[in-house]
Amino acid sequence: MNKEITKATTLSSTDEFIKGLWKENPVFVQVLGMCPVLAVSNTAINALAMGLATAFVLIMSNSLVSLLRNFIPKEVRIASYILIIATFVTMIDYAIQAISVELHKNLGAFISLIVVNCLILSRAEAFASKNTLGKSIMDALGMGLGFTLGLVSLGLVREILGSGAVFGIPILPENFQEWVIMILPAGGFFTLAAWLLVFNLYKQKRNAL
Amino acid sequence: MNQESFSQIFINACLVNNFVLAYFLGICPFLGVSGKIDTAGKMGGAVTFVMLISSMCAYGIHAFLEAIDAPFLQLISYIVVIASTVQLVEMFVKKMSPALFQALGIFLPLITTNCAILGLALFQTNKGYDFFQSVTYAFGAGTGFTLALLLMAGLREQLDFAEVPKVIRGTVLTLVAAGILSLAFMGFSGLGSN
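Cut-offs and rules
Residues numbered from 1 in each chain as written. Chains lettered and ligands numbered in written order. Predicted model: local features only at pLDDT ≥ 70, side-chain atom pairs only at ≥ 80, totals over all residues. Heavy atoms only, no water. Helix = DSSP H or I, 4+ residues; strand = E, 2+ residues; numbered from the N terminus. Rg over C-alpha atoms; globule rule 2.2 N^0.38 Å. Buried < 20%, exposed > 50% of the residue type's maximum accessible area, 1.4 Å probe, protein only. Contact = heavy atoms within 4.5 Å. Areas by Shrake-Rupley, 256 points an atom, 1.4 Å probe, with all protein chains shown as cover. Lys, Arg positive; Asp, Glu negative; His and termini not counted. Charge placed at Lys NZ, Arg CZ, Asp CG, Glu CD. pLDDT = per-residue confidence, 0-100. Axes fitted to C-alpha atoms, helices over the stretch in contact; angles between N-to-C directions. Parallel < 35°, antiparallel > 145°, perpendicular 65-115°, else oblique. Left-handed = near helix turned anticlockwise from the far one by under 90°. Nonpolar A, V, L, I, M, F, W, Y, C, P; charged D, E, K, R; others polar. Salt bridge = Lys/Arg side-chain N within 4 Å of Asp/Glu carboxyl O. Phe/Tyr/Trp six-rings, centres within 6.5 Å; stacked < 30°, edge-to-face > 60°. Buried area = accessible area lost by both parts, 1.4 Å probe. Polar contact = N/O pair within 3.5 Å; in protein donor to acceptor, adjacent residues only side chain to side chain. Expected span 1.5 Å × (residues − 1).

**Things to note about the overall build of chain A**
Summing up its helical and strand segments, chain A has nine helices and two strands in all. For chain A, the C-alpha radius of gyration of 19 Å lies close to 17 Å, the compact-globule estimate for 209 residues. Within the span of chain A, comprising 209 residues, buried residues form 46% of the whole. Across chain A, every contact between residues at least 6 apart in sequence was considered, and the portion connecting residues at least 24 apart equals 74%. Counting every atom, chain A has about 10300 Å² of accessible surface; 68% of that belongs to carbon and sulfur. Of the charged side chains in chain A, 15 are positive and 12 negative; the average position of the first set lies 11 Å away from that of the second.

Below you can see the structure in the form of structure tokens.
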């Protein structure tokens with residue numbers, strides 16, 4: 001037990017980065033921030049944009065929280081974190097609108113809803129408020145990319161089955177009958193369930209060894 | 001200005017575009033507290049209550065921000081107002097009815113990070129509802145949320161007795177059930193439009 005604790009405190013920056021990608025993947029392992037995961041993963045491009053926007057907010061808010069961690073009074077910390085997060089979300093909201101109006105229309109209110117994504121608040125509270133700037137940035141990078149990875153893997157499955165395309169480029173033969181359900185809300189639930197099942201099977205197999 | 005009638009708004013928010021099953025808002029409490037019918041009902045009630053209040057507040061803020069020409073402050077002011085409303089409601093309920101406060105427990109503070117509340121405030125602004133339309137919309141959304149939560153809780157209480165393989169238990173099974181429920185709600189599409 002003691003050994004494990006010392007190991008945890010001496011994690012290098014690279015380990016902080018890797019853990020978000022795999023061992024503590026926000027989508028498949030922690031099951032955090034499910035609203036955007038299900039809502040905007042109907043095409044791979046939406047999923048990628050949403051993932052990158054979330055990663056940006058995560059990195060910026062983690063760095064700022066980490067820098068201010070000695071100045072924010074403990075009693076009002078959650079409120080301060082939410083204010084910091086909301087500021088960056090407003091920035092990315094306007095940035096996306098400037099880059100592509102169509103993308104902004106597709107993602108809709110879900111960009112603004114990054115504010116209440118539990119993943120970002122949980123990283124600020126559980127990690128950035130206790131660690132140095134460098135480590136917090138690595139953590140945010142790992143978690144952000146892990147989140148993007150999860151979103152895109154959902155988006156790919158839904159787009160291939162739902163419209164026979166990848167990133168808008170058709171890949172399946174003409175006569176392929178699209179599974180319309182995959183781009184509808186119900187498809188989101190089923191795809192996520194299927195991915196979690198794959199992870200569970202993998203875990204079970206590894207434990208059995 | 002939006003011309004939809006009250007009944008149209010209510011049916012739309014409650015059934016056709018159910019916040020949980022069509023917009024995926026408030027999934028966290030939906031998966032978290034839908035284990036028992038009893039708690040699901042209480043959570044639904046609390047959310048509906050906060051929705052009604054924050055919808056009225058959001059309407060006021062929007063009008064004010066329009067007046068001072070600062071729309072970029074919208075998101076920040078909404079979230080601050082929702083957080084403080086929840087706090088206020090919590091203190092008020094604690095003072096007026098300790099029994100109800102006990103019953104709601106941890107659910108009240110958790111509502112702050114419920115995306116359904118912020119989503120409601122943003123949607124009603126986007127749709128350009130007036131004050132009474134906003135309140136109807138909030139009530140419909142709250143009812144829809146409660147309905148989804150109750151249905152899910154009923155399903156899960158039954159599922160507890162079912163023999164399912166160990167790998168599927170937990171989140172996977174809940175998600176599949178939610179997917180089927182979402183399919184069922186698709187049957188409502190077209191209802192409430194002209």
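There's more to say after this.
**Some points on the confidence of the model for chain B**
With 94% of its residues at a pLDDT of at least 70, chain B reaches an overall mean of 84. The secondary structure element of chain B with the lowest average pLDDT is helix α6 (residues 107–110) of chain B, at 70, and the one with the highest is helix α8 (residues 131–159) of chain B, at 91.

**Description of the confidence of the model for chain A**
All names here are of chain A. Averaged over all residues, the pLDDT of chain A equals 85, while 95% of them reach at least 70. Here helix α1 (residues 2–9) is the element of chain A with the lowest mean pLDDT, 44, and helix α4 (residues 44–67) is the one with the highest, 93. Taken together, the stretch residues 1–8 has pLDDT below 50 and engages in zero contacts with residues farther than four places along the chain or on a different chain.

**Re the packing of helix α5 (residues 77–99) of chain A against helix α4 (residues 74–96) of chain B**
The N-to-C vectors of α5(A) and α4(B) enclose an angle of 155°; their axes lie 9 Å apart at closest approach. The orientation of α5(A) with respect to α4(B), classified from their angle, is roughly antiparallel. By crossing handedness, the relation of α5(A) to α4(B) is classed as right-handed. On α4(B), the residues touching A:Ile82, A:Leu83, A:Ala86, A:Thr87, A:Val89 and A:Thr90 of α5(A) are B:Leu75, B:Ile76, B:Ile79 and B:Val80. Across the contact of α5(A) with α4(B), the residue classes break down as eight nonpolar, two polar and no charged.

**Here we look at the pattern of salt bridges**
All names here are of chain A. In the structure shown here, the tally under the stated rule is four salt bridges over all chains. Put simply, lysine 19 and aspartate 139 hold a salt bridge, and the shortest N to O gap is 3.0 Å. Of this pair, lysine 19 sits in helix α2 (residues 13–21) while aspartate 139 sits in helix α8 (residues 133–163), placing them 120 residues apart in sequence. Just as lysine 19 is buried, aspartate 139 falls in that class too.

**Things to note about the packing of aromatic side chains**
Pairs of aromatic rings are described using the distance from one ring centre to the other and the angle between the two planes. Residues and elements named next belong to chain B. In this structure the tally under the stated criterion is 12 aromatic pairs over all chains. Ring geometry for phenylalanine 19 against phenylalanine 123: centres 6.0 Å apart, planes inclined by 85°, an arrangement best described as edge-to-face. Here phenylalanine 19, found in the loop between α1 (6–16) and α2 (27–32), pairs with phenylalanine 123, found in helix α7 (residues 115–127); they are 104 residues apart in sequence, far enough to count as distant. Accessibility expressed as a relative area gives 13% for phenylalanine 123, which makes it buried. Judged by centre distance (5.4 Å) and plane angle (70°), the ring pair of phenylalanine 185 and phenylalanine 188 falls under edge-to-face. For phenylalanine 188, a relative accessible area of 29% corresponds to the partly exposed category. Ring pairing ties together the aromatic residues Phe19, Tyr23, Phe123, Tyr129 and Tyr137, which thus form one cluster.

**Examining the interface of chain B and chain A**
At the interface, 34 residues of chain B touch 33 residues of chain A. Between chain B and chain A, the buried area comes to about 2900 Å², and carbon and sulfur atoms account for 86% of it. Looking at the side of chain B facing chain A, the largest losses of area belong to B:Phe24, B:Val167 and B:Leu175, adding up to 23% of the total buried there. Joining chain B to chain A, the criterion identifies zero salt bridges. The interface formed by chain B and chain A includes two residue pairs in polar contact (both at pLDDT 80 or more). Of all elements in the fold, only α2, α4, α7 and α9 (171–186) of chain B reach the threshold of two or more residues within the side of chain B that touches chain A.

**What to know about α5(A)**
Count 3.6 residues to each turn of an α-helix, and residues three or four apart come out pointing the same way. A rise of 1.5 Å per residue sets the reference length of α5(A), with its 23 residues, at 33 Å; its end C-alpha atoms lie 33 Å apart and thus fit the reference within 8%. Burial in α5(A) covers these residues: A:Ser80, A:Tyr81, A:Ile82, A:Ile84, A:Ile85, A:Ala86, A:Phe88, A:Val89, A:Thr90, A:Ile92, A:Asp93 and A:Ile96. Contacts made by the buried residues of α5(A) are with α4, α6 (101–107) and α7 (118–128) of chain A together with α4 of chain B.

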